[in-house]
Amino acid sequence: GYRALVVLKNAKAPRMRRPEPLRFLDPPDAKRIITEFNLRHAECRWRDLEENNHNPRTRYTTSEFFYFTETDPRKRLRYLELRASELDTLEREGMKARSQAP
């Protein structure tokens, strides 16, 4: 996996204040998101902050959705290998096209 948790036992930061909670969702949306996360987290609908009009440009792309919902590290690694190869090919083709431009 690619995630980590660092636990600092008995760590103290007396001057560090807890930030005020952000309030950027209406209570019905907040309740919906918490319910979806708790009951159907794998569908990732809870990531859409607004139920009916969430801007598609701020949603996960299909690639991001696959990567972050796939839990098998071997599949994630293979996806990254394939994606890197795809991007490398697109970059080489773009460089070739630019070099042939008049």
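Preceding this paragraph is the structure being described.
Residues numbered from 1 in each chain as written. Predicted model: local features only at pLDDT ≥ 70, side-chain atom pairs only at ≥ 80, totals over all residues. Heavy atoms only, no water.

Student: I'd like to hear about the overall build of the protein chain, residue by residue, with values.
Tutor: When you go through the protein chain residue by residue, the secondary structure sums to 3 helices and 0 strands. When its helices and strands are written in sequence order, the protein chain yields α-α-α. Its C-alpha radius of gyration of 21 Å places the protein chain more than 25% over the 13 Å reference for a compact globule of 102 residues. For the protein chain, the spread of C-alpha atoms along the three principal axes comes to 60 × 40 × 30 Å. Expressed as a percentage of the 102 residues in the protein chain, the buried residues total 13%. Partitioning the contacts of the protein chain with sequence separation of at least 6, the portion at a separation of at least 24 is 27%. For the protein chain, the exposed area adds up to about 9,900 Å²; of that, 55% sits on carbon and sulfur atoms. (Helix = DSSP H or I, 4+ residues; strand = E, 2+ residues; numbered from the N terminus. Rg over C-alpha atoms; globule rule 2.2 N^0.38 Å. Buried < 20%, exposed > 50% of the residue type's maximum accessible area, 1.4 Å probe, protein only. Contact = heavy atoms within 4.5 Å. Areas by Shrake-Rupley, 256 points an atom, 1.4 Å probe, with all protein chains shown as cover.)

Student: Could you give an account of the side chain of Arg76, with specific residues and numbers?
Tutor: Take Arg76: it is sitting in helix H3 (residues 73-100). There is a polar contact of 3.3 Å between the side chain of Arg76 and the backbone oxygen of Glu70. (Polar contact = N/O pair within 3.5 Å; in protein donor to acceptor, adjacent residues only side chain to side chain.)

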